Amino acid sequence: MPTILGQNQYGKAENRVVKITRDGATHHIKDLNVSVSLSGDMDEVHYSGSNANVLPTDTTKNTVYAFAKEHGIESAEQFGIHLARHFVTSQEPIRTARIRIEEYAWERIETSGAGAHSFVRKGQETRLAQITYDSDTWEVVSGLTDLTVMNSTDSEFWGYVKDKYTTLPEAYDRILATSVSGRWRFNWSADEQRMPDWDASYEQTKKHMLQAFAETYSLSLQQTLYQMGARIIDNRGEIDEVRFSLPNKHHFQVDLEPFGLKNDNEVYFAADRPYGLIEATILRDGCEAKIPVDLTNL
């Protein structure tokens, strides 16, 4: 045979599931977008078309909804763990399951009535989780995307390399803004280990990330990125690796001199593109990087 089959996987992508938990008149929402990807003994379906080892993708979709009822959704990570374990242990041909989850947050609307069942969609960030299981080892990577942050001062950018194409003036007081896309990998990898509190870990990781952004007097976005990751590693023992992708959301001072006005760091033009893109991985000393360099693949 002149060709052989390489890596392959299949599953059902973007299963939107909303779980309402009714605690009397008080309701709670979990809103997830769940993608299931399975791999294993799937050579024959590619070579001959035999579906003998294929669990239909429609079945994986149904499993997501059934598990929302049977197990509830304690957290995105825990729900993904339930699903990954089920697919690997219930189907002999399946060797590895990867569950990717986006979680959309809702905030309760306070009312004067007796019920607590009205919500408004939070607009800060989308929570992410990826769970991979191969019957022996777990890998859990959590994260977020579209978390937009800004420092209106305490940021500079100067002393950089200049050549004949350089036109950017040095800045000694500038706006620093970015939309954070981050992932962090847990060192929990086996059932024998104590499992992290996924929700508490997420909230604390986000807190340390934001505090580092706010408290770092920045001479470069790279410096701020490193401080954000280092603060997480230093304060969260369950996390060994952090990777950030930070687009620099440029704010340029508008020239108001043609109108006889002085712009004293007050009026800016917010440019959406082109943008600088700053990316890096921060590791606990002695640990190996496993999060993909290109976060679009995670």
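Residues numbered from 1 in each chain as written. Predicted model: local features only at pLDDT ≥ 70, side-chain atom pairs only at ≥ 80, totals over all residues. Heavy atoms only, no water.

Draft legend 1. Representation of the environment of lysine 249 within the structure. The topology assignment puts lysine 249 in the loop between strand S9 (239–248) and strand S10 (251–253). In sequence terms lysine 249 and isoleucine 175 are 74 residues apart; their C-alpha atoms lie 9.0 Å from each other. What lysine 249 contacts, discounting residues up to four positions off in sequence, is Thr148, Ala177, Thr178 and Ser179. (Helix = DSSP H or I, 4+ residues; strand = E, 2+ residues; numbered from the N terminus. Contact = heavy atoms within 4.5 Å.)

Draft legend 2. The layout of surface pockets, seen in detail. Size it by volume and the largest pocket reaches roughly 630 Å³. Those elements giving two or more residues to the lining of the largest pocket turn out to be helix H5 (221–235), S10 and strand S12 (276–283). The greatest single-element share of the lining of the largest pocket, amounting to three residues, is contributed by S10. A breakdown of the residues in the lining of the largest pocket according to their chemical character gives 13 nonpolar, seven polar and four charged. In terms of lining, the second largest pocket is formed by 20 residues, of which the most central are Glu103, Ala105, Trp106, Lys122 and Glu203. At the level of secondary structure, the elements contributing two or more residues to the lining of the second largest pocket comprise strand S2 (26–40), strand S3 (94–104), strand S4 (106–108), strand S6 (126–133) and helix H4 (198–215). The greatest single-element share of the lining of the second largest pocket, amounting to five residues, is contributed by S2. Split by residue class, the lining of the second largest pocket holds six nonpolar, four polar and 10 charged. (1 Å grid on protein atoms, 1.4 Å probe; cavity = no way out; pocket = protein on both sides within 12 Å on 5 of 7 lines; lining within 4 Å. Points joined across faces, edges and corners; volume = space filled by probe spheres on them. Nonpolar A, V, L, I, M, F, W, Y, C, P; charged D, E, K, R; others polar.)

Draft legend 3. A look at the pairing of strand S7 (residues 138–151). Most of S7 is tucked away: 10 of the 14 residues are buried. Pairing analysis gives eight bridges linking S6 to S7, with the strands arranged antiparallel. Bridge pairing in S7 places alanine 129 opposite serine 142. Two successive antiparallel strands, S6 and S7, enclose a turn made up of four residues, where serine 135 displays a positive phi of approximately 80 degrees. Bridging between S7 and strand S8 (residues 176–186) involves nine bridges; their strand directions are antiparallel. Following the sheet pairing, methionine 150 is matched in S8 by alanine 177. (Buried < 20%, exposed > 50% of the residue type's maximum accessible area, 1.4 Å probe, protein only. Pairing = 2+ DSSP bridges.)

Draft legend 4. Expanded view of the packing of H4 against H5. Relative to each other, H4 and H5 sit at 140 degrees, their axes nearing to 8 Å. By the criterion of interaxial angle, the relationship of H4 to H5 is oblique. Crossing geometry of H4 relative to H5 is assigned as right-handed. Of H5, the residues touching H4 (which contributes Thr205, His208, Met209, Gln211, Ala212, Phe213 and Glu215) are Thr224, Gln227, Met228, Arg231, Ile232 and Asn235. In the contact of H4 with H5, the residues fall into five nonpolar, six polar and two charged. (Axes fitted to C-alpha atoms, helices over the stretch in contact; angles between N-to-C directions. Parallel < 35°, antiparallel > 145°, perpendicular 65-115°, else oblique. Left-handed = near helix turned anticlockwise from the far one by under 90°.)

Draft legend 5. Molecular detail of the nonpolar core. Core analysis: the largest hydrophobic core is formed by 52 residues, its most contacted members being Val34, Phe79, Val180, Met209 and Phe244. Per-element tally for this core: the top contributor is helix H3 (residues 76–90), with seven residues. Each residue touching valine 34, except ones within four places of it in the same chain, is listed here: Lys12, Ala13, Glu14, Asn15, Val17, Val64, Phe79, Leu83, Ile99, Arg100 and Ile101. (Core = buried A, V, L, I, M, F, W, Y, C linked by side-chain atoms within 4.5 Å.)

Draft legend 6. Molecular detail of the packing of aromatic side chains. Under the counting rule described, the total for this entry stands at seven aromatic pairs. With a centroid separation of 6.0 Å and 40 degrees between ring planes, the pair formed by tryptophan 184 and tyrosine 202 is classed as tilted. With a gap of 18 residues between them, tryptophan 184 in strand S8 and tyrosine 202 in helix H4 connect regions that are remote in the sequence. Each member of the pair, tryptophan 184 as well as tyrosine 202, is classed as buried. Between phenylalanine 186 and tryptophan 198, the ring centres sit 4.9 Å apart and the planes meet at 85 degrees, which makes this aromatic pair edge-to-face. Of this pair, phenylalanine 186 sits in strand S8 while tryptophan 198 sits in helix H4, and the two are 12 residues apart along the sequence. Here the two residues phenylalanine 186 and tryptophan 198 agree in accessibility, since each one is buried. Over the face of the ring belonging to tyrosine 202 we find arginine 127, whose NZ or CZ atom lies 4.4 Å from the ring centre. (Phe/Tyr/Trp six-rings, centres within 6.5 Å; stacked < 30°, edge-to-face > 60°. Lys NZ or Arg CZ within 6 Å of the ring centre and 35° of its normal.)

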